[in-house]
Amino acid sequence: MDIATKPATAAPAAEGSRQPQEVDGFQLVIDALKLNGIDTIFTLPGIPITDLTRRSQADGLRVLAFRHEQNAGYAASIAGFLTQKPGVCITVSAPGFLNGLNALAHATVNCFPMILVSGSSEREVVDLQQGVYEEMDQLAIAKPVAKAAYRVLHADDIGVGIARAIRAAVSGRPGGVYLDLPAKL
């Protein structure tokens with residue numbers, strides 16, 4: 001997992017110097033969502049996003065958990081329609097992504113601002129078709145049914161990726177946007 005450093009928010013050390021605090025990709029996702037005014041996420045918590053949902057709740061985000069990713073996706077798209085800010089659905093890779101894909105397509109067709117965020121397998125393994133667990137080129141699958149589809153390759157770009165997805169979902173004719181976050185993030 002890539003680690004980015006961020007200045008600690010705790011009180012400075014006795015000698016006045018600050019110790020850097022390590023921030024992982026989950027925290028970067030949470031911070032980016034909050035900075036962009038997203039206060040609710042829709043999901044079916046499962047490995048590897050279970051920790052993301054727990055930490056999101058601990059950081060003040062409202063996490064609505066469903067028993068199926070398709071239901072979470074539809075709830076996110078309807079929330080986007082009602083609030084005019086994107087509903088965010090977070091899924092696990094492969095089957096979770098595919099279960100959320102129908103809601104993404106419907107959000108795009110119905111002009112509902114929605115973002116489907118899914119984890120995915122490592123790019124190097126998927127591109128070489130090495131047969132990794134849940135290997136699937138999710139970005140290529142999402143492009144035909146989404147208004148826009150993006151992949152974040154570096155932890156430092158998570159905030160930019162989320163901001164770009166939000167802007168695409170609400171600008172012009174609203175619609176569904178897919179954001180791919182590979183496992184290493």
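Conventions and cut-offs
- Residues numbered from 1 in each chain as written.
- Predicted model: local features only at pLDDT ≥ 70, side-chain atom pairs only at ≥ 80, totals over all residues.
- Heavy atoms only, no water.
- Patch = residues over 30% accessible without salt bridge, like charges linked within 9 Å, V, L, I, M, F, W, Y side chains within 5 Å.
- Areas by Shrake-Rupley, 256 points an atom, 1.4 Å probe, with all protein chains shown as cover.
- Salt bridge = Lys/Arg side-chain N within 4 Å of Asp/Glu carboxyl O.
- Helix = DSSP H or I, 4+ residues; strand = E, 2+ residues; numbered from the N terminus.
- Core = buried A, V, L, I, M, F, W, Y, C linked by side-chain atoms within 4.5 Å.
- Buried < 20%, exposed > 50% of the residue type's maximum accessible area, 1.4 Å probe, protein only.
- Contact = heavy atoms within 4.5 Å.
- Pairing = 2+ DSSP bridges.

Draft legend 1. Inspection of a nonpolar patch on the surface at higher detail. The grouping of Ile78, Phe81 and Leu82 at the surface amounts to a nonpolar patch, some 310 Å² of accessible area in total. If you trace the backbone, Ile78 turns up in helix H3 (residues 69-83).

Draft legend 2. Quick peek at the nonpolar core. In terms of nonpolar packing, the biggest core is built from 32 residues, with Leu33, Val88, Ile115, Ile158, Ile162, Val177 and Leu179 touching the most fellow members. Residue assignment for this core shows that the elements contributing at least two residues are helix H1 (25-35), strand S5 (87-91), strand S6 (114-120), strand S7 (148-151), helix H7 (158-170) and strand S8 (176-182). Apart from residues no more than four positions distant in its own chain, Val88 is found in contact with Leu33, Ile38, Thr40, Ile41, Phe42, Ala76, Ile115 and Val117. The next biggest cluster of nonpolar side chains, apart from the first, holds 20 residues, and it includes Cys89, Phe97, Ala103 and Ala142.

Draft legend 3. Focus on the pattern of salt bridges. Taken as a whole, this structure holds 5 salt bridges when the rule is applied. Between Asp39 and Lys85 there is a salt bridge, with its nearest N and O atoms 3.8 Å apart. A residue pair is termed long-range when its members are at least 10 positions apart, and Asp39 in the loop between H1 and strand S3 (40-43) and Lys85 in the loop between H3 and S5 qualify at 46 residues. The exposure class assigned to Asp39 is partly exposed, which follows from its relative accessible area of 43%.

Draft legend 4. Examining the pairing of S6 more closely. For S6, the tally of buried residues reaches 6 of 7 residues, placing the bulk of the element in the interior. Strand direction decides the pairing type here: S5 and S6, joined by 5 bridges, are parallel. Each residue of the ladder has a partner; that of Val88, found in S6, is Ile115. In this sheet, S8 lies alongside S6 in parallel orientation, the contact comprising 7 bridges. Bridged to Val117 within S8 is Leu179.

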